[in-house]
Amino acid sequence: MIKIAVLGYGTVGSGVVEVINTNHASINKKAGDEIEVKYVLDLRDFPGDPIQEKIVHDFDIILNDPEIRIIAEVMGGVEPAYTFTKKALLAGKSVCTSNKELVAAHGAELLEIARERDINYMFEASCGGGIPIIRPLNSSLTADEIDEIAGILNGTTNYMLTKMAKEGSEYDDVLKEAQAAGYAERNPAADVEGHDACRKIAILSSLAFGRQVDFEDIYTEGITKISAADFKYAKAMDKAIKLLGYSRREEDQFWAMVAPVLVDPSDPLYSVNDVFNAIFVHGNVLGNAMFYGKGAGKLPTASAVVADIVDEAKHLHRSVMSFWSTKKLELTDISNSSRKFFVRVAETSEDKRKKAEEIFGKISFVEAGLEGEFGFVTEVMTEAEYQKKAEELKDVISMIRIRHVEY
């Protein structure tokens, strides 16, 4: 029998217990042993819940119990999760987590501690909820050199953008709907400002490229400035607006970004809607692959955590995770990266259109039936070139980058 502890009995923690109880027989068969939850750590008590008999309030009870071989950390936040995880790994207990904040900040260090002790630190649920992406990057794709990762990594923002596209709604109205439906938090900043997607693309990039990608170094732009007017232009261009987390290797340079982008119908990410997430990966041998599914939610996320528990139970004395170096990967400034841009300008005079052509060169005007403004698509140029030209043109309302799939 393998006894485990669960740190946190919130949405995901209760889901972990539920998944283990519901699929007990098949989970044990796959693990090759019986898995039993011995402790659940939480500050609260749960009178009337069968879990109460397993609730403890002191982490040291778990740490000092030699029967506990695996710990599922589903508390969220960096502290005290980091302290608890590090102590557990140093004590020879494998840990799995859904905690993207912790993995993004300290993943390299925690993986190294686990590797040195022939145990495992796993985090499948930290990126894409129930979508299996960490394990393919860790095992199935290890023969490839990963050139690019691009993903719709946040279900809340994808739900909101889908609603705006379908209903022509404004951002503020859709946010209220998303909060009422339980998809957006009362304070939605982590989602709508792009911070959640940023941490996820930092984790995926670190694992794919083998060195620490600090999320603080990634240019991050959310969806708060996207409007119903932007979707009218997108429809006129037969494109969709998606919030993407993106990283790419070009020879010895590495780019990473989180931002709204316009995607074509030929792009595999075009048709990913509502709360679904998808992660596109390009390898130099495999070519294209895409992983799709529900990126959040109690049971999808809990399912990924339990999958890690089973994997750790099968490899109690052998580290099977790839690790990325604690050496920092220096990202190239995005000002040097190139792409096309869609630009909206707050004036309709013929002189202004001519000035746009003089400054930007060859452009394609987009007609969306909006009064008092016009829109156009540039040719490929660097971010720095765009910024310089936009400042010279003046009266720019907004800009959205255009994604081009070369593969």
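The rules we used
Residues numbered from 1 in each chain as written. Predicted model: local features only at pLDDT ≥ 70, side-chain atom pairs only at ≥ 80, totals over all residues. Heavy atoms only, no water. Patch = residues over 30% accessible without salt bridge, like charges linked within 9 Å, V, L, I, M, F, W, Y side chains within 5 Å. Areas by Shrake-Rupley, 256 points an atom, 1.4 Å probe, with all protein chains shown as cover. Salt bridge = Lys/Arg side-chain N within 4 Å of Asp/Glu carboxyl O. Lys, Arg positive; Asp, Glu negative; His and termini not counted. Charge placed at Lys NZ, Arg CZ, Asp CG, Glu CD. Helix = DSSP H or I, 4+ residues; strand = E, 2+ residues; numbered from the N terminus. Buried < 20%, exposed > 50% of the residue type's maximum accessible area, 1.4 Å probe, protein only. Disulfide = S-S within 2.5 Å. 1 Å grid on protein atoms, 1.4 Å probe; cavity = no way out; pocket = protein on both sides within 12 Å on 5 of 7 lines; lining within 4 Å. Points joined across faces, edges and corners; volume = space filled by probe spheres on them. Nonpolar A, V, L, I, M, F, W, Y, C, P; charged D, E, K, R; others polar. Pairing = 2+ DSSP bridges. Core = buried A, V, L, I, M, F, W, Y, C linked by side-chain atoms within 4.5 Å. Contact = heavy atoms within 4.5 Å.

Draft legend 1. Quick look at a negative patch on the surface. A contiguous patch of negative charge on the surface is contributed by Glu350, Asp351, Glu357 and Glu358. As for its position among the elements, glutamate 350 is in helix H13 (residues 350–360). Residue glutamate 350 is classed as exposed on the basis of its relative accessible area, which comes to 52%.

Draft legend 2. Examining the state of the cysteines more closely. Scanning all chains against the criterion turns up zero disulfides. Left unpaired, cysteine 96 is separated from the closest cysteine sulfur, that of cysteine 127, by 15 Å.

Draft legend 3. Representation of the layout of surface pockets in the model. Of the pockets and cavities examined, the largest pocket occupies roughly 1,300 Å³. Every residue lining the largest pocket is counted, 47 residues in all, and those nearest its centre are Thr11, Val12, Lys100, Glu185 and Ala296. Elements that contribute at least two residues to the lining of the largest pocket include exactly helix H1 (11–22), helix H5 (100–116), helix H7 (155–167), helix H9 (189–192), helix H10 (195–209) and helix H12 (298–314). Class assignment for the residues of the lining of the largest pocket results in 17 nonpolar, 19 polar and 11 charged. Roughly 500 Å³ of internal volume is contained in the second largest pocket. Around the second largest pocket sit 24 residues that line it, and Tyr246, Ser338, Arg339, Ile402 and His404 are the ones nearest its centre. Among the secondary structure elements, those contributing two or more residues to the lining of the second largest pocket are strand S10 (240–250), strand S11 (253–263), strand S15 (338–345) and strand S19 (396–402). Looking at the lining of the second largest pocket residue by residue, the classes come out as 11 nonpolar, three polar and 10 charged.

Draft legend 4. Summary view of the sheet that holds strand S4 (residues 68–73). As summarised here, the arrangement of the six strands in space is S3-S2-S1-S4-S5-S6, forming an open sheet in which the pairing is parallel. Of all strands in the sheet, those bounded by a partner on one side alone are strand S3 (55–56) and strand S6 (121–122). Pairing between strand S1 (residues 2–7) and strand S2 (residues 35–41): six bridges, direction parallel. Bridge pairing in S2 links isoleucine 2 to isoleucine 35.

Draft legend 5. Seen up close, the nonpolar core. Membership of the largest hydrophobic core comes to 113 residues, with the highest contact counts inside it found for Ile62, Tyr121 and Ile309. Ranked by residues supplied to this core, first place goes to H10 with nine residues. Ignoring anything within four residues of it in the chain, the contact list for tyrosine 121 reads Thr85, Leu89, Val95, Thr97, Leu102, Val103, Leu110, Leu111, Ala114, Glu312 and Met321. The next biggest cluster of nonpolar side chains, apart from the first, holds 14 residues, and it includes Phe341, Ala356, Phe360 and Met399.

Draft legend 6. The arrangement of the environment of isoleucine 61 in detail. Looking at the element boundaries, isoleucine 61 is found in helix H3 (residues 59–63). Separated by 263 residues in sequence, isoleucine 61 and tryptophan 324 place their C-alpha atoms 31 Å apart. Other than its neighbours up to four places away in sequence, isoleucine 61 contacts Tyr39 and Val56.

Draft legend 7. Quick peek at the pattern of salt bridges. One pass over the full model with this rule turns up 28 salt bridges. We note a salt bridge from arginine 344 to aspartate 230, for which the minimum N-O separation is 2.9 Å. Residue arginine 344 is found in strand S15, and its partner aspartate 230 is found in helix H11 (residues 228–236); the two are separated by 114 residues along the sequence. Judged by its relative accessible area of 6%, arginine 344 falls in the buried class. The shortest N-O distance in the salt bridge between aspartate 395 and lysine 352 comes to 2.9 Å. Taken together, the residues span a long stretch of sequence, with aspartate 395 in the loop between helix H14 (383–393) and S19 and lysine 352 in helix H13 at a distance of 43 residues. Each of the salt bridges in this network shares a partner with another, and the network as a whole consists of Lys3, Lys38, Asp65 and Glu67.

Draft legend 8. Focus on unusual backbone geometry. In this structure, the amide linkage connecting glutamate 79 to the following residue, proline 80, adopts the cis form with an omega of 5 degrees. Residue position: proline 80 is located in the loop between S4 and helix H4 (81–90). In the Ramachandran plot, aspartate 118 falls in the positive-phi region, its phi being about 55 degrees despite a non-glycine side chain. Residue position: aspartate 118 is located in the loop between H5 and S6. Its identity is not glycine, yet lysine 394 carries a phi of approximately 65 degrees, on the positive side.

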